[in-house]
Amino acid sequence: MAASSNSSLSGSSVSSDAEEYQPPIWKSYLYQLQQEAPRPKRIICPREVENRPKYYGREFHGIISREQADEILAGVEGAYILRESQRQPGCYTLALRFGNQTLNYRLFYDGKHFVGEKRFESIHDLVTDGLITLYIETKASEYISKMTTNPIYEHIGYATLLREKVSRKLSRTKNESRKASVTSEENTPVEKITSLVRRAALTQNDNHFNYEKAHNFKVHTFRGPHWCEYCANFMWGLIAQGVRCSDCGLNVHKQCSKYVPNDCQPDLKRIKRVYCCDLTTLVKAHNTQRPMVVDSCIREIEARGLKSEGIYRVSGFTEHIEDVKMAFDRDGDKADISANIYPDINIIAGALKLYFRDLPIPVITYDTYSKFIEAAKISNPDERLEAVHEVLLLLPAAHYETLRYLMIHLKKVTLHEKENFMNAENLGIVFGPTLMRPPEDSTLATLNDMRYQKLIVQILIENEDVLF
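Basis of the calculations
- Position labels on residues start from 1 in each chain and follow its written sequence.
- For a predicted model such as this one, the threshold for reporting local features is a pLDDT of at least 70, and the threshold for listing and counting side-chain atom pairs is 80 or more; totals across whole chains, interfaces and linings nevertheless cover every residue.
- Side-chain figures throughout are based on the complete set of non-hydrogen atoms in the structure, without hydrogens or water.
- For two strands to pair, DSSP has to find at least two bridges joining them.
- Helix and strand assignments come from DSSP, with helices taken as H or I runs of at least 4 residues and strands as E runs of at least 2, each series counted from the N terminus.
- pLDDT expresses how confident the predictor is about each individual residue, on a scale running from 0 to 100.
- Note on definitions: a residue-residue contact is assigned when non-hydrogen atoms from the two residues lie within 4.5 Å.
- Whenever Lys or Arg places a side-chain nitrogen within 4 Å of a carboxyl oxygen from Asp or Glu, that contact is recorded as a salt bridge.
- Only Phe, Tyr and Trp rings take part, Trp by its six-membered ring, and two of them pair if their centres are within 6.5 Å. Stacked means planes under 30 degrees apart, edge-to-face means over 60, and tilted covers everything else.
- Note on exposure labels: buried denotes an accessible area under 20% of the residue type's maximum, exposed denotes more than 50%, and partly exposed covers the range between, all computed with a 1.4 Å probe on protein chains only.
- Working rule: Lys NZ or Arg CZ, within 6 Å of ring centre, within 35 degrees of ring normal, means a charge sits over the ring.
- Working rule for helices: expected span equals 1.5 Å times residues minus one.
- If you view a crossover with the strands going away from you and the path from the first strand over the helix to the second runs clockwise, you call it right-handed.
- Pairs of N or O atoms within 3.5 Å make up the polar contacts considered here, provided that, within protein, one atom can donate a hydrogen while the other can accept it, and that residues adjacent in sequence are counted only when both atoms are side-chain atoms.
- Axis lines are fitted to C-alpha atoms, over the contacting stretch for helices. Their N-to-C directions set the angle, which ranges from 0 to 180 degrees.
- The scheme is simple: roughly parallel for angles under 35 degrees, roughly antiparallel for over 145, roughly perpendicular for 65 to 115, oblique for anything else.
- The nonpolar class holds Ala, Val, Leu, Ile, Met, Phe, Trp, Tyr, Cys and Pro. Asp, Glu, Lys and Arg form the charged class, and all remaining residues, Gly among them, are polar.

Concerning the sheet that holds strand S8 (residues 242-245)
Then, number 1: Taken together, the three strands give an open sheet; going across it, the order is S7-S8-S9, and neighbouring strands pair in antiparallel fashion. Looking at strand neighbours, the two that pair on one side only are strand S7 (217-220) and strand S9 (251-252), the edges of this open sheet.
Then, number 2: Two elements, S7 and S8, share four bridges in a ladder whose sense is antiparallel. In the sheet register, His220 faces S8, and the bridge partner there is Gly242.

Structural notes on the confidence of the model for the chain
Then, number 1: In this model, the chain carries a mean pLDDT of 84, and residues with pLDDT of at least 70 account for 82%.
Then, number 2: Summarising per-element confidence for the chain, the mean pLDDT is lowest in helix H7 (residues 174-181) (35) and highest in helix H12 (residues 345-358) (98).
Then, number 3: Within the model, the stretch residues 158-208 combines pLDDT values under 50 with 79 contacts to residues more than four positions away or in other chains.

Some details on the pattern of salt bridges
Then, number 1: This structure, assessed with the given rule, holds 17 salt bridges.
Then, number 2: Across the salt bridge formed by Lys325 and Asp358, the nearest N and O atoms sit 3.3 Å from each other. Of this pair, Lys325 sits in helix H11 (residues 318-331) while Asp358 sits in helix H12, placing them 33 residues apart in sequence.
Then, number 3: Via salt bridges that share partners, Arg290, Asp295, Glu401 and Arg404 belong to a single interconnected network.

Regarding the packing of aromatic side chains
What describes a pair of aromatic rings is the distance from one ring centre to the other and the angle between the planes of the rings.
Then, number 1: Throughout the structure, instances matching the rule amount to 14 aromatic pairs.
Then, number 2: Between Tyr56 and Tyr92 the ring centres are 5.5 Å apart and the planes differ by 75°, which places this aromatic pair in the edge-to-face class. Of the two residues, Tyr56 sits in the loop between strand S1 (41-42) and strand S2 (60-63) while Tyr92 sits in strand S4 (residues 92-98), which places them 36 residues apart along the sequence. In terms of burial, Tyr56 and Tyr92 fall into one category: buried.
Then, number 3: Between Tyr355 and Phe356, the ring centres sit 5.7 Å apart and the planes meet at 65°, which makes this aromatic pair edge-to-face.
Then, number 4: For Tyr355, a relative accessible area of 0% corresponds to the buried category.
Then, number 5: Here the aromatic residues Tyr55, Tyr56, Phe60, Tyr92 and Tyr109 are joined through ring pairs into a cluster of three or more.
Then, number 6: Geometry around Phe114 places Arg119 over its ring, the cationic atom sitting 3.8 Å from the centre.

Describing helix H10 (residues 292-304)
Then, number 1: For H10, with 13 residues, the first-to-last C-alpha span of 19 Å sits near the 18 Å given by 1.5 Å per residue.
Then, number 2: Among the residues of H10, those classed as buried are Met292, Val293, Val294, Asp295, Ser296, Cys297, Ile298, Glu300 and Ile301.
Then, number 3: Looking at the buried positions of H10, the neighbouring elements they touch are helix H9 (279-286), H11, H12 and helix H15 (397-414).

Thoughts on the pairing of S4
Then, number 1: In terms of residue burial, S4 counts as a mostly covered element, since seven of its seven residues are buried.
Then, number 2: Taking every second residue as pointing to the same face, both faces of S4 are buried, with Tyr92, Leu94, Leu96 and Phe98 on one and Thr93, Ala95 and Arg97 on the other.
Then, number 3: Examined bridge by bridge, strand S3 (residues 79-84) and S4 share five bridges and lie antiparallel to one another. By the bridge assignment, Tyr80 is partnered in S4 with Leu96.
Then, number 4: Bridge count between S4 and strand S5 (residues 101-109): seven bridges; the pairing is antiparallel. Directly across from Ala95, in S5, lies its bridge partner Asn104.

Structural notes on the pairing of S3
Then, number 1: Along S3, six of the six residues are buried, which leaves the element largely enclosed by surrounding structure.
Then, number 2: Of the two faces of S3, the one lined by Ala79, Ile81 and Arg83 and the one lined by Tyr80, Leu82 and Glu84 are each fully buried.
Then, number 3: When S1 meets S3, the two strands line up parallel, connected through two bridges. Paired with Lys41 across the bridge in S3 is Ala79.
Then, number 4: With two bridges joining them, S2 and S3 adopt parallel strand pairing. By the bridge assignment for S3, Ile63 is matched with Glu84.
Then, number 5: Tracing the backbone out of S2, into helix H3 (residues 66-73) and back to the parallel element S3 gives a crossover that is right-handed.

With respect to the environment of His409
Then, number 1: For His409, the position within the fold is in helix H15.
Then, number 2: For the pair His409 and Ile461, spaced 52 residues apart in sequence, the C-alpha to C-alpha distance is 8.8 Å.
Then, number 3: In this structure, His409 is in contact with Ile298, Ile301, Glu302, Leu306 and Tyr312, ignoring residues within four places of it in sequence.

A look at the side chain of Gln241
Then, number 1: Within the secondary structure, Gln241 sits in the loop between S7 and S8.
Then, number 2: Of the residues examined, Gln241 reaches a relative accessible area of 10% and is grouped as buried.
Then, number 3: Within polar-contact distance, the side chain of Gln241 engages the backbone oxygen of Leu238 at 3.1 Å.
Then, number 4: Here Gln241 is in contact with His220, Thr221, Phe222, Met235, Trp236 and His253, once residues within four sequence places are set aside.

Brief notes about the packing of helix H13 (residues 366-376) against helix H18 (residues 443-462)
Then, number 1: For the pair H13 and H18, interaxial distance at closest approach is 9 Å and the crossing angle is 85°. Classified by the angle between their axes, H13 and H18 sit roughly perpendicular to one another. Note on element contacts: H18 touches H13 through Asp449, Tyr452, Gln453, Leu455 and Ile456, opposite Tyr369, Phe372, Ile373 and Ala376.
Then, number 2: For the contact of H13 with H18, the class distribution of residues is seven nonpolar, one polar and one charged.

Description of the packing of H13 against helix H14 (residues 381-392)
Any two packed helices are characterised by the angle at which their axes cross and by the distance between the axes.
Then, number 1: Contact pair H13 / H14: the axes reach a minimum separation of 8 Å and the direction vectors enclose 170°. Between H13 and H14, the angle is such that the two are roughly antiparallel. Residue-level inspection shows Thr368, Lys371, Phe372, Ala375 and Ala376 of H13 in contact with H14, the latter providing Arg384, Ala387, Val388, Val391 and Leu392.
Then, number 2: Across the contact of H13 with H14, the residue classes break down as seven nonpolar, one polar and two charged.

As structure tokens, this is what we get:
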């Protein structure tokens, strides 16, 4: 189709000066189509219409039929009116002329105007966006269906985060990068960019714990022209043109998001807090094996709290625990939780339990919860242990590592049972509902499962050397 000649990367070369590194030029075909789309033309009703809803303007024509709407709009591409349904009074319709025919859409208002998922401040914006979408989908349906087949994402690596990292890295190694970018004349711009981006990525992530993490995509409205960082095509429309990963900032079409690998590299600038943050997101953002709050609290407890009577069972003051939480959210791994600030070790223990309770996905994930409960119900101890081990292997890597580290610590706690009066069963009672929660928010399910939650944690503590 004609689109193909416009769809390739336009010939912008990569500067041999690494400090002038630029991302590749995007494919412009869909942008050109948006510019060509028909413009909305409001057809004003020549008479004053009674009972016109206050949120509609003079494009509202009252109760008229589809045939009458067709006559009013005939021959004017992009023309539109609003009308009230003859068959269903109180229901409103947007009649829009496109492709030499009149299209009718059921129109809704809840503070904003909408006919589908997108909500608009004005009818004019709704129609503008609708005409763009109709025009692009009419002219380029085949092109759109094939956009994901040759993604630029696979050629240049992790586009969003690496731009800044590449610039910084390359400015420090200007001469070496100059040699890398001026390799041979046969190299295409994309190949040159690839080598630069990947080299910087590898150097930047030498010590990165390579836990797999899916992107956290949310519908986003982009101001000004924006391009998909997966397929490199224009993201068309006025609002909600695509999705953005709220953890790393990757911008892609909604349909392209299904093809993006689980390679999210969270950006610390986007991670606003430590508590209530997804576990894998936090460890990847801080480039640690486990959440640093877990390491910090366990280190403090093992230094001065292993013999403390009722450790983890005795509660610290709630307001002081909240202070610790705020310190981690504010200062990260620099939070001071020493005895000088918090002499009561139960405050630190309480802060650690609160961290686990606040996780949006528990350490023992919702996906594995029922499997652990079923394993706990097995009567034969050896078979039960084997079943627990198999389910452990289903946990995401960061969750597995965090649970492993915590169980090693809790085993140390039980070694001081004579002083602290905390054995594996007692700790199971404390940590069972803290580390695992049923997927459905059911009080009955939680009560029914409590003894199995306790048993799972007890098994993990007693057999940590075998299970992990």
